[in-house]
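# Structural overview for review
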Amino acid sequence: MNNDKNTNKVIEWLQEDEDTNISDLNSETDTESEHSNHDTESEQSGNSDSDNTHTPASNNFLNTPCYVGKDGTKWLIHKPQTTKTARQNIITKLPGVKGAAKNSKTILDCWKIFFPDNIIIYIVECTNQQLNLIRSNYTRGERDCPPTNFEEILAFFGLLYLAGVKKAQHLNTDELWSTDGTAPEFFSATMSKRRFHTLVQAIRFDDRNSRLERKKD
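The name an unreviewed UniProt entry gives the protein chain is PiggyBac transposable element-derived protein domain-containing protein, with Sipha flava as the organism.

See the structure below:
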């Protein structure tokens, strides 16, 4: 009797396992069908979106028919109408330099636009005023501190530009006028170091005699 009972229990357990497996298979099948249905719907929606790419729509802003892309970009079907150019957008003069700059072909010509000869002459006059004041500080007077002229001021400016080009603006002037062969030759060939120091001290760009009157104005 006990053997029969045990046999019946084993049979019941086996039947329960089969029922469980069948239910699991059914649930998996249902899940797969749901996924397949979802994928089908996605494909259909994607196809509908691609179809919308070439579907004419009404552009409220331009009030003309257009195609609408997936990203919302609107493409006009017809070429937009041309309108009259606004007055402020009409170019009446060609861009470029004006006046004397049109005839400037070299670097020196361009530089003279900012420093014309009359400006250099004025700087020479103002600098000579200062040289006259400091001349008494020199032992041999006018021999050690002569008045400057147009050409010397241009040479002085040239040395300042060259010092900047050579990145020597922070160097000691002893290095720029060194005689051991390490200094650029154009400094000592242009003027002496002592004369350069004198011009640095005396260079002026305004008339000291009228300075007080101009301050009042």
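Still to come is the rest of the account.
The next subject is the side chain of R135. For R135, the location among the structural elements is in the loop between α3 (117–134) and α4 (150–165). Polar contacts involving the side chain of R135 include one to the side chain of N132, which spans 2.7 Å. With residues near it in sequence (within four places) discarded, R135 still touches G141, E142, C145, P146 and P147.

Let us now look at the pattern of salt bridges. Under the criterion given, the structure shown has six salt bridges. For R194, the salt bridge is made with D144, and the minimal N-O distance between the two is 3.9 Å. Of this pair, R194 sits in helix α7 (residues 193–202) while D144 is found in the loop between α3 and α4, placing the two residues 50 residues apart along the sequence. With relative accessibility at 14%, the residue D144 sits in the buried group. Residue R211 is joined to D206 by a salt bridge in which the shortest nitrogen-to-oxygen separation is 2.9 Å. Of the residues examined, R211 reaches a relative accessible area of 26% and is grouped as partly exposed. Connected through shared salt-bridge partners, R140, D144 and R194 make up one network.

I153, F156, F157, W177 and M191 are the most contacted members of the largest nonpolar core, which totals 17 residues. Those elements that provide at least two residues to this core are α3, α4 and α7. The dominant element in this core, judged by the number of residues it contributes, is α4, at five residues. Ignoring any residue separated from it by four or fewer positions in sequence, one finds F157 in contact with W111, I120, I123 and F205.

Further remarks concern the confidence of the model for the protein chain. With 71% of its residues at a pLDDT of at least 70, the protein chain reaches an overall mean of 76. Of all secondary-structure elements in the protein chain, the lowest mean pLDDT belongs to strand β1 (residues 56–59), at 44, while α3 reaches the highest, 94. Segment residues 21–26 is flagged for pLDDT under 50; beyond a separation of four residues in sequence, or across chains, it makes zero contacts in the model. Residue range residues 28–60 is modelled with pLDDT below 50. Its contacts to residues more than four positions away, or to other chains, number 23 contacts.

So, how was this worked out
- Residues numbered from 1 in each chain as written.
- Predicted model: local features only at pLDDT ≥ 70, side-chain atom pairs only at ≥ 80, totals over all residues.
- Heavy atoms only, no water.
- Helix = DSSP H or I, 4+ residues; strand = E, 2+ residues; numbered from the N terminus.
- Polar contact = N/O pair within 3.5 Å; in protein donor to acceptor, adjacent residues only side chain to side chain.
- Contact = heavy atoms within 4.5 Å.
- Salt bridge = Lys/Arg side-chain N within 4 Å of Asp/Glu carboxyl O.
- Buried < 20%, exposed > 50% of the residue type's maximum accessible area, 1.4 Å probe, protein only.
- Core = buried A, V, L, I, M, F, W, Y, C linked by side-chain atoms within 4.5 Å.
- pLDDT = per-residue confidence, 0-100.

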